[in-house]
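The residues making up each chain are set out below.
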Amino acid sequence: MNGDQTIIQNPQDVLKMDITIEHHQRLNKKKIFEAIYLCYCFSSAFVFRLGARGDLSGNLEFSDEDKSAFSKLPESTTPPQEPALNEEEKSILDELEDLI
């Protein structure tokens, strides 16, 4: 960071963030080049976790036996029954209409 500074003019400056706006900032009191490096590392890790080998890829972690057991379960064809409302009980929408 002591070389020619063509992209960032002040990489050694310290970031100062207002704590009253945001309670805790991880980048508070870090140098600008450290903050850029931390953001790069975070984004690289996030991309890996979203990738094919990552834990956020969307692949379910079930074995073939578990998958076959789920496929054998009968599916419910009857819709769930809604509870009957008494005349004294108002729905949430009716209560909101009363407020307006």
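Residues numbered from 1 in each chain as written. Predicted model: local features only at pLDDT ≥ 70, side-chain atom pairs only at ≥ 80, totals over all residues. Heavy atoms only, no water.

Engineer: Account for the overall build of the chain, naming residues and giving values.
Structural biologist: If you tally the helices and strands in the chain, you get three helices and zero strands. What you see in the chain, going N to C, is helices and strands ordered as α-α-α. By residue count, 5% of the 100 residues in the chain fall in the buried class. Long-range pairs, those at least 24 residues apart, make up 7% of the contacts in the chain between residues at least 6 apart in sequence. (Helix = DSSP H or I, 4+ residues; strand = E, 2+ residues; numbered from the N terminus. Buried < 20%, exposed > 50% of the residue type's maximum accessible area, 1.4 Å probe, protein only. Contact = heavy atoms within 4.5 Å.)

Engineer: How would you summarise a nonpolar patch on the surface if you had to cite specific residues and measurements?
Structural biologist: Together, Phe42, Phe46, Leu50 and Leu56 line one region of the surface with nonpolar side chains, adding up to about 410 Å² of accessible area. Turning to its location among the elements, Leu50 is positioned in helix H1 (residues 32–50). Under the relative-accessibility criterion, Leu50 is labelled partly exposed at 44%. (Patch = residues over 30% accessible without salt bridge, like charges linked within 9 Å, V, L, I, M, F, W, Y side chains within 5 Å. Areas by Shrake-Rupley, 256 points an atom, 1.4 Å probe, with all protein chains shown as cover. Salt bridge = Lys/Arg side-chain N within 4 Å of Asp/Glu carboxyl O.)

Engineer: Residues and numbers for the state of the cysteines, please.
Structural biologist: Summed over the entire model, instances satisfying the criterion amount to zero disulfides. No disulfide involves Cys39; its sulfur sits 9.4 Å from that of Cys41, the nearest cysteine. Given the relative accessible area of 44%, Cys39 is considered partly exposed. By relative accessible area, which is 31% here, Cys41 ends up partly exposed. (Disulfide = S-S within 2.5 Å.)

Engineer: With reference to specific residues and values, describe the packing of aromatic side chains.
Structural biologist: For the structure on display, the rule yields one aromatic pair. Arranged with centres 6.2 Å apart and planes meeting at 5°, the rings of Phe42 and Phe46 form a pair that is stacked. Placement of both Phe42 and Phe46 in helix H1 is noted, with a separation of four residues, approximately one turn of the helix. (Phe/Tyr/Trp six-rings, centres within 6.5 Å; stacked < 30°, edge-to-face > 60°.)

Engineer: I'd like to hear about the environment of Lys30, residue by residue, with values.
Structural biologist: Along the chain, Lys30 turns up in the segment before H1. Considering only alpha carbons, one finds Lys30 and Lys16, 14 residues apart in sequence, at a separation of 8.1 Å.

Engineer: Give a description of the side chain of Asn28 that names residues and reports values.
Structural biologist: By the element assignment, Asn28 lies in the segment before H1. Residue classification places Asn28 among the buried positions, given a relative accessible area of 19%. Looking at Asn28, its side chain comes within polar contact range of the main-chain nitrogen of Met17, at 3.1 Å. Apart from residues no more than four positions distant in its own chain, Asn28 is found in contact with Leu15, Lys16, Met17 and Ile19. (Polar contact = N/O pair within 3.5 Å; in protein donor to acceptor, adjacent residues only side chain to side chain.)

Taken by themselves, the reported measurements are silent on function.
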